[in-house]
Amino acid sequence: MQFDRRQFVRQAGLGAAALAYSPWAVPAAEPAGFTLPKLPYAPDALEPYIDKLTMEIHHGKHHQAYVDNLNKALASQPELLKQPIETILRNIDKVKPEIKQAVINNGGGHANHSLFWEVMTPKGGGEPSGPLGKAITAEFGSFDKLQAAMSDAGVKQFGSGWSWLVLNQGKLQVLGAPNQDSPLMKGATPILGLDVWEHAYYLKYQNRRADYVKAWWNVVNWQAVADRYEKALKG
Ligand code: MN
């Protein structure tokens, strides 16, 4: 049977006025609000360092929930749905007070995880060369020291949070952050992030966060991090 929209609307007890506002009346341009980005590799691609089930739940459930809850929160300030999430977080004080914490949590969650998937790869690990490699040596003394500082910030982060390598006023810095608090809210540009929420590792590593952190370095996509660094330098 062919679907008759007008008949359906009449039968649903709605009038012509309702039809005029029907979302079916105009072809959809873009989906309203934020959407879950695709994983750039298969969910089992980071095995054995990060297991398939963790990746599936982390991306498909946790990240999806941040996206959904961000869209829900911004329904009351819909002009922000047209802005990149990075712009919203950089200008967090422009978000209405009653939804600000929801945007910090879920907008941060969306931005942080979008970065996280991109800075990992099955062909990861090693050390960065080029301008990023030089900047790391200049700022931290050596790559090993940068790695130790970031691992330390991740292992010692109390409760849920992230360890970040950021560009802040032209300089590389390592910082730990609780929850989904984005470095963008402090005016810093994240170029590498390590998720140390239990949902990122508990199925495989249980309480052994340090083991997860050590393993994670094997999947870091230094080319992607270098690209972010060079883009951030240009502002
Ligand atoms: Mn996470």
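J.: Mind laying out the pattern of salt bridges, listing which residues take part and the relevant values?
T.: Enumeration over the complete set of coordinates arrives at 5 salt bridges. Put simply, Lys100 and Asp93 hold a salt bridge, and the shortest N to O gap is 2.8 Å. Here Asp93 falls in the exposed class, since its relative accessible area comes to 64%. One salt bridge connects Asp211 with Arg208, and the closest N-O pair in it is separated by 3.2 Å. The exposure class of Asp211 is partly exposed, given its relative accessible area of 39%. According to the relative accessible area criterion, Arg208 is partly exposed, its value standing at 37%.

J.: Run through the packing of helix α6 (residues 130–140) against helix α10 (residues 222–233), naming residues and quoting values.
T.: For the pair α6 and α10, interaxial distance at closest approach is 8 Å and the crossing angle is 80 degrees. In terms of orientation, α6 lies roughly perpendicular with respect to α10. Residues Pro131, Leu132, Ala135 and Ile136 of α6 pack against Trp222, Val225, Ala226, Tyr229 and Glu230 of α10. Looking at the contact of α6 with α10, its residues break down into 8 nonpolar, no polar and 1 charged.

J.: Mind laying out the coordination of the manganese ion, listing which residues take part and the relevant values?
T.: Protein-derived ligands of the manganese ion are His58 (NE2), His113 (NE2), Asp195 (OD) and His199 (NE2), with the metal-ligand distances lying across 1.9 to 2.1 Å. Between the donor residues of the manganese ion, the gaps in sequence give the motif H-x54-H-x81-D-x3-H. Here His58 is found in helix α3 (residues 52–74), whereas its partner Asp195 is found in strand β3 (residues 189–195), with 137 residues between them in sequence. Like His58, the residue Asp195 is buried in the burial classification.

So, how was this worked out
- Residues numbered from 1 in each chain as written.
- Predicted model: local features only at pLDDT ≥ 70, side-chain atom pairs only at ≥ 80, totals over all residues.
- Heavy atoms only, no water.
- Salt bridge = Lys/Arg side-chain N within 4 Å of Asp/Glu carboxyl O.
- Buried < 20%, exposed > 50% of the residue type's maximum accessible area, 1.4 Å probe, protein only.
- Axes fitted to C-alpha atoms, helices over the stretch in contact; angles between N-to-C directions.
- Helix = DSSP H or I, 4+ residues; strand = E, 2+ residues; numbered from the N terminus.
- Parallel < 35°, antiparallel > 145°, perpendicular 65-115°, else oblique.
- Contact = heavy atoms within 4.5 Å.
- Nonpolar A, V, L, I, M, F, W, Y, C, P; charged D, E, K, R; others polar.
- Donors = N, O, S within 2.8 Å, 3.2 Å for Na, K, Ca; no water.

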